[in-house]
Each structure stands twice: as C-alpha cells, then as structure tokens.
Amino acid sequence: MMLEIHDIHKSFGDLQVLRGLDLSVDKGDVVAVLGPSGSGKTTLLRCINFLETADSGRLVFDGEEFSLGHISKKDIARLRKKTAFVFQSYNLFLNKTALQNVTLGLTVGRKLDKEQANEIGRRMLDKVGLSDRYDYYPYQLSGGQQQRVAIARALATDPEIIFFDEPTSALDPELIGEVLSVMRDLANEGMTMVVVTHEMSFARDVSKKVIFMEDGRIVEQGESKEFFANPKMERTREFLKL
C-alpha cells in the first residue's frame, strides 16, 4: 500500500468538513473522488498534501506513519518531494513562460542547474502535447493548454503520486477532452493518482477505484466497474441518477 489515511478529521470553526475518513491507495491506482459540492472532497485532498492542516488522523506513506494534526515542517517538505498537486485554477505564474513555469520548482526547490531543469521541462511539455509552446506565456494559452502546463510541472518533479483537484472544472467543455486525454495516458503508464472530479466518464472508464463522499464522510467506495454497475447505497444511485 503506497498511501493510507486513517480517521481524518477537519473543521473550520463550527463547520465539520471531514468526519473520520479512511482512504487507501495502492501503487498504480487511479482513485476518483466523487460527491456533491461541499462534501469535503477538496479539503480531503488539501489535508493529505498538507495545504491544510487536519485536526487529527494518521497518514501512512510508503510504510512510514505520520500524525496529520502534528507533523513537522521537515516531514511535510520530505513528503511533498514524493507528491505533486494539480490545482483547479492552474496556479501558473503569469509573468513566466510555459517552460519557466515547469522548471521553477526544479531550480528553486530541487536546486537543479538551469540546463538540466530545461531538459526535463521540455521533455514534460512534450509529454503533454505542448512541444510547440515552450516560450508561450499563460495569456497566450487556452485553459486546456494552461492546465497541461500545470500537469507537466507536476510530472517534472517525478512524483510517486499526483493529486488532482477538479482539473477540468474551470475549462470550457471543448477543452476538457485534451486534459482528460493526458490523464488517461498517465493512468495507462501506471501513474498513481487521486482525482477529485465531476467527470463521470473518467471515473468510470479510467479510475480503478471510486470514492463517493457526502457531508464529510464516505458514503460508498469500491472498484469502478462495480461501483457504477451496481451501487449499493440509495444515495449513490440518486447521485448517479440511476
């Protein structure tokens, strides 16, 4: 098991957002996290990657256990070197080219020299179909292209697992396919991914496992084919409109 989360809780003031979730991810898994707006999906992802601090819970990564509520900055930095996060809104630097956006984390965070970082950056942009966009700034790129730059940036650090937070929800419908195509390719290559998404076709056809959340809890989870073909809970069937 690559990643395990046990009994994670998170509140914002009096609002309980996560209420004791458990989650497990094997190497090579693609896990789709579904649920209505406000169910806690994004908060779960942000707590796992320490963009938010959980109130309590345990995280096990590659057999090493950590307290989600009390973890050192050193351990957070160490864990983040093994993970990557793709945001809903791209989070690109507007004053930097596509290549510079991909390489910044390598030169600043990983202390690679510029030549080595550029070689990796170009390779990752090629991988997401942007070999002709190295020197383009975000304003010169479509939303789908910007999100593919963000995916290239995530891949450049050679992560063991990538977290995707609704990576297509900010895109126009005609641009969604190009991002999902890149993610399908990554899944076929064995990349481990946890994907918060509203794209049911991706969850059904690409993910190995589906988690359905509501009100900070997991309502139902299972293998993707079984989850969509034979949901066990009435709330799940209602959500899937079956």
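Reading the values: the criteria
Residues numbered from 1 in each chain as written. Predicted model: local features only at pLDDT ≥ 70, side-chain atom pairs only at ≥ 80, totals over all residues. Heavy atoms only, no water. 1 Å grid on protein atoms, 1.4 Å probe; cavity = no way out; pocket = protein on both sides within 12 Å on 5 of 7 lines; lining within 4 Å. Points joined across faces, edges and corners; volume = space filled by probe spheres on them. Helix = DSSP H or I, 4+ residues; strand = E, 2+ residues; numbered from the N terminus. Nonpolar A, V, L, I, M, F, W, Y, C, P; charged D, E, K, R; others polar. Pairing = 2+ DSSP bridges. Axes fitted to C-alpha atoms, helices over the stretch in contact; angles between N-to-C directions. Contact = heavy atoms within 4.5 Å. Buried < 20%, exposed > 50% of the residue type's maximum accessible area, 1.4 Å probe, protein only. Core = buried A, V, L, I, M, F, W, Y, C linked by side-chain atoms within 4.5 Å. Parallel < 35°, antiparallel > 145°, perpendicular 65-115°, else oblique. Left-handed = near helix turned anticlockwise from the far one by under 90°.

1. Concerning the layout of surface pockets
Looking at the largest pocket, its volume works out to about 620 Å³. If you trace the largest pocket, you find 20 residues lining it, with Thr83, Phe85, Gly105, Arg153 and Thr157 closest to the centre. At the level of elements, strand E6 (83–86), helix H3 (98–109) and helix H5 (143–156) are the ones that each hand at least two residues to the lining of the largest pocket. The leading source of residues in the lining of the largest pocket is H3, at five residues. Its residues assigned to classes, the lining of the largest pocket shows nine nonpolar, seven polar and four charged.

2. What to know about the sheet that holds strand E2 (residues 15–25)
Taken in spatial order, the four strands make up an open sheet running E2-E1-E4-E5, and their pairing is antiparallel. If you trace the sheet from one side to the other, it starts and ends with E2 and strand E5 (64–67), each paired once. Averaged over all pairs of adjacent strands, the angle between strand axes in this sheet comes to 20°, irrespective of strand direction. Where strand E4 (residues 56–61) meets E5, four bridges bridge the pair, whose relative direction is antiparallel. Paired with Leu59 across the strands is Phe66, a residue of E5. Across the sheet, helix H1 (residues 41–48) lies against strand E1 (3–12), E2 and E4, angled at about 115° from E1, the strand it touches most. Each of E4 and E5 is contacted by helix H2 (residues 73–80), which is oriented at about 130° to E5, the strand it contacts most.

3. A few points about the pairing of strand E3 (residues 30–34)
Among the five residues in E3, five count as buried, and that is most of the element. By the alternation rule, side chains of E3 split into Val30, Ala32 and Leu34 and Val31 and Val33, which are all buried. Where E3 and strand E8 (residues 192–196) come together, four bridges link them in parallel fashion. Its bridge partner being in E8, Val31 is matched across the sheet by Val194. Of the strand pairs in this sheet, E3 and strand E9 (residues 209–214) are connected by four bridges, and their pairing is parallel. Bridged to Leu34 within E9 is Phe212.

4. A closer look at empty space enclosed by the protein
As enumerated under the stated definition, the model contains one cavity of 30 Å³ or more in all. In terms of lining, the largest cavity is formed by Leu3, Ile48, Asn49, Phe50, Leu59, Phe61, Leu79, Arg80, Thr83 and Phe163. Within the residue set of the lining of the largest cavity, elements represented by two or more residues are E4 and H2. In terms of residue class, the lining of the largest cavity is built from seven nonpolar, two polar and one charged.

5. Description of the nonpolar core
In terms of nonpolar packing, the biggest core is built from 40 residues, with Leu125, Ile151 and Phe164 touching the most fellow members. Those elements giving two or more residues to this core turn out to be E6, H3, helix H4 (114–127), H5, strand E7 (161–165), helix H6 (173–188) and E8. It is H6 that provides the largest number of residues to this core, a total of eight residues. Aside from chain neighbours lying at most four places away, what touches Ile151 is Val86, Val128, Phe164, Val179, Val182, Met183 and Leu186. The next biggest cluster of nonpolar side chains, apart from the first, holds 32 residues, and it includes Met2, Ile5, Leu44 and Ile48.

6. Section: the environment of Ser89
Looking at where Ser89 falls in the secondary structure, it is placed in the loop between E6 and H3. When the C-alpha atoms of Ser89 and Glu226 are compared, they prove to be 32 Å apart, with 137 residues separating the residues in sequence.

7. Notes on the packing of H5 against H6
It is at 8 Å that the axes of H5 and H6 come closest, and there the two elements cross at 20°. With respect to their mutual orientation, H5 and H6 come out roughly parallel. Regarding H5 and H6, the two cross each other, and that crossing is right-handed. When H5 is examined against H6, the residues Gly143, Gly144, Gln145, Gln147, Arg148, Ile151 and Leu155 are found in contact with a partner set consisting of Leu175, Glu178, Val179, Val182, Met183 and Leu186. Residues belonging to the contact of H5 with H6 are distributed by class as follows: seven nonpolar, four polar and two charged.

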